[in-house]
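Structure assessment
One letter stands for each residue in the lines below.
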Amino acid sequence: MASYLRLSLSLIFSALLISPTVSQSCSSQTFSDDKAYPHCLALSNLKAFLHYSYDAANTTLAIAFSAPPSKPGGWIAWAINPKANGMAGSQAIVASKDSKTGVASVTTLNIISYSSLVPGKLSFDVWDVKAEETAGTLRIFAKVKVPADLVANGKVNQVWQVGPGVSPNGRIQPHDFNTPNLNAIGSLDLSGTTTGVSASGGGAGNSRIHKRNIHGILNAVSWGILFPIGAIIARYMRIFESADPAWFYLHVSCQFSAYVIGVAGWATGLKLGSESKGIKFNSHRNIGIALFAMATLQMFAMLLRPRKDHKLRFFWNIYHHGVGYSILVLGIINVFKGLSILNPEHTYKTAYIAVIATLGGITLLLEAVTWVTVLKRKSANSNNPPNPE
C-alpha cells in the first residue's frame, strides 16, 4: 500500500511539471483567393498558423492568421501588444462565425485590461480586414500599419488566442486558461528571418506556468496530503499507550511541515494573482485564504493548549478538532479545484484520487482497529474493578 501511495504521488508531481508543446508545418496552408505570403510560422500553441509579409517602405504588415476555435461556433484572435508581451494592452483582431447566417466576420478589440473586452478602434490603422471559415478552421486576413516605435526594433509582440463562443450581445466568451492558452504569446520578426521556425510562448508565459505548477505541487502536498496524514496520526496512534508521547510529536511535526509548505503555496498563489490581473478563480482563492487563516489559528492555539486536567481542556479540544477537520475537508476540495484549473492529463487527477482513496482505506482500517481496541479495554476494565482499598 505504501509503494502504491508513492507511485501515485510521483504521478501527481509529474503531471504538474510536464507541459507538452505542439509544433506543426505550415506548408499545406492555401487560401481561397490565391494570396501569397513569403513568411510563415507554425505557432507552437493552439494549432495556429501565421502567414505574413512586411513592406518596410510603408511599414505595413499583411497577415493571414488561422486556427481552430476551442469549440464549434467559437472565436479566434491575433493581436499586437505595443507595450508588453501579454494579453492586457493588446490590439486584437477577432474572427467568429455567425451561428444563424454561417458567415465569418471580424471585429477589433482594444484590450485595456482582461476585464475590458469591448469592441473598439485599435491604436493603429487596420484595413482590408476579413474572415473566412474552412473545415472548422477560422482565418483572419488584415493589413496593419506598424507603429513607428516598433519598426525601429524590427520585432513586435504578438498574442494569439481561441475561445468557445460569442454571446448574443457580441461579447466574446472567456477562453480557457490551460497551458497552451497561457503560452500563446511570442515575438514576431518583421524581417522574416525566423520563417519556418515555430514561435514559442517565451519567458513570461513559461515563468507563469512554472509558478502555477509550483503552487499546485506545494498545496497538493500540504493541504491535500500532509494535513490528512497528520490527522490520521493524531486520531489513531494515541489509543496505543506505548505510542505516547511519540504520536503527539509526529502529529505536530507533520502538521507544522504541512503549514509551512502550505503558506509557501499560498504566497505563490497571491503572487500569481497579482501578476494576472483580470484572471480570477474566486472560490479557489477564497478557500485558500480561509485555509491559511484557520491553519494559522491552529498553530497559535497550540501555544494556548491547556493541561489535560484543566477545566478548559474539553472546550479547547472541541475547537481544535472542529477547525482541524474543517481544514481537512476544505483542503482536499481546494486541491481538486486547483487541478481543474491547472487541467493536467486525467491520469494525474486519477492519481490524486488514488492517494485520497488509499488514505481513506487506511483510515477505515485503523478506525476498525481503534474500536476493537477500545471495546476490549473497556471490557477488561469492567471485569477488573479497582480495589477500594
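Residues numbered from 1 in each chain as written. Predicted model: local features only at pLDDT ≥ 70, side-chain atom pairs only at ≥ 80, totals over all residues. Heavy atoms only, no water.

The protein chain is annotated in an unreviewed UniProt entry as Cytochrome b561 and DOMON domain-containing protein from Eruca vesicaria subsp. sativa. Of the comments in the UniProt record for the protein chain, the one headed Function (unreviewed entry) reads "May act as a catecholamine-responsive trans-membrane electron transporter." The UniProt entry for the protein chain carries the following text under Subcellular location (unreviewed entry): "Membrane". (UniProt positions renumbered as here; feature names shortened; annotations may be inferred.)

Attention now goes to the overall build of the protein chain. Of regular secondary structure, the protein chain possesses 8 helices and 10 strands. In the protein chain, which comprises 389 residues, the proportion classed as buried is 42%. Partitioning the contacts of the protein chain with sequence separation of at least 6, the portion at a separation of at least 24 is 62%. Of the roughly 20600 Å² of accessible surface on the protein chain, 62% is carried by carbon and sulfur atoms. (Helix = DSSP H or I, 4+ residues; strand = E, 2+ residues; numbered from the N terminus. Buried < 20%, exposed > 50% of the residue type's maximum accessible area, 1.4 Å probe, protein only. Contact = heavy atoms within 4.5 Å. Areas by Shrake-Rupley, 256 points an atom, 1.4 Å probe, with all protein chains shown as cover.)

This brings us to the sheet that holds strand S1 (residues 39-42). In space, the 5 strands of this open sheet follow the order S1-S2-S3-S8-S7, with antiparallel pairing throughout. Both edges of this open sheet fall to S1 and strand S7 (126-134), since each of them pairs with a single strand only. Each neighbouring strand pair of the sheet contributes to a mean axis angle of 15°, computed without reference to strand direction. As paired elements, strand S3 (residues 60-67) and strand S8 (residues 137-145) share 8 bridges and run antiparallel to each other. By the bridge assignment for S8, alanine 67 is matched with leucine 138. (Pairing = 2+ DSSP bridges. Axes fitted to C-alpha atoms, helices over the stretch in contact; angles between N-to-C directions.)

Mapped onto the present numbering, the UniProt feature "transmembrane region" (unreviewed entry) falls at residues 216-234, 246-267, 287-304, 316-336 and 351-374. Secondary structure over residues 287-304 splits into 83% helix and 0% strand, and the C-alpha atoms at its two ends are 26 Å apart.

Okay, the pattern of salt bridges next. For the coordinates displayed, the defined rule picks out 6 salt bridges. The partner of glutamate 133 in a salt bridge is lysine 97, with the nearest N and O atoms 3.3 Å apart. Separated by 36 residues along the polypeptide, glutamate 133 in strand S7 and lysine 97 in strand S5 (residues 91-97) bring together distant segments of the chain. (Salt bridge = Lys/Arg side-chain N within 4 Å of Asp/Glu carboxyl O.)

Judged from the 7 bridges that link them, S5 and strand S6 (residues 104-110) form a sheet pairing that is antiparallel. Considered in S6, the bridge of lysine 97 is made with alanine 104.

With 82% of its residues at a pLDDT of 70 or more, the protein chain shows a mean pLDDT of 81. Between residues 15-24, whose pLDDT stays under 50, and residues either more than four places distant or in other chains, the model counts 17 contacts. In this model residues 195-203 is a low-confidence stretch, pLDDT under 50, and it forms 23 contacts with partners more than four residues away in sequence or in other chains. (pLDDT = per-residue confidence, 0-100.)

All right, on to the packing of helix H5 (residues 246-275) against helix H6 (residues 282-301) then. Where H5 meets H6, the closest approach of the two axes is 11 Å, and the angle between their N-to-C directions is 145°. Between H5 and H6 the crossing geometry is left-handed. Between H5, through Gln255, Phe256, Tyr259, Val263 and Trp266, and H6, the contact on the second element is made entirely by Gly288, Ile289, Phe292, Ala295, Thr296 and Met299. Along the lines of polarity and charge, the residues of the contact of H5 with H6 split into 8 nonpolar, 3 polar and no charged. (Left-handed = near helix turned anticlockwise from the far one by under 90°. Nonpolar A, V, L, I, M, F, W, Y, C, P; charged D, E, K, R; others polar.)

Here H5 contains 30 residues, and its C-alpha end-to-end distance of 44 Å stays within 8% of the 44 Å for a straight helix at 1.5 Å per residue. Of the positions making up H5, those classed as buried are Trp247, Phe248, His251, Cys254, Gln255, Ala258, Tyr259, Gly262, Gly265, Thr268 and Leu272. (Expected span 1.5 Å × (residues − 1).)

We now examine the pairing of S3. Of all 8 residues that make up S3, 8 are buried, and the element is covered over most of its length. Joining the antiparallel neighbours strand S2 (residues 49-55) and S3 is a turn of 4 residues, in which threonine 59 adopts a positive phi near 50°.

Attention now goes to the sheet that holds strand S4 (residues 75-81). Taken in spatial order, the 5 strands make up an open sheet running S6-S5-S4-S9-S10, and their pairing is antiparallel. The open sheet is flanked by S6 and strand S10 (185-189), the only strands paired with a single partner. Adjacent strand axes in the sheet meet at a mean angle of 25° when their direction is disregarded. Note that S4 and strand S9 (residues 155-163) share 7 bridges and pair antiparallel. The residue bridging alanine 79 from the neighbouring strand is valine 159, located in S9.

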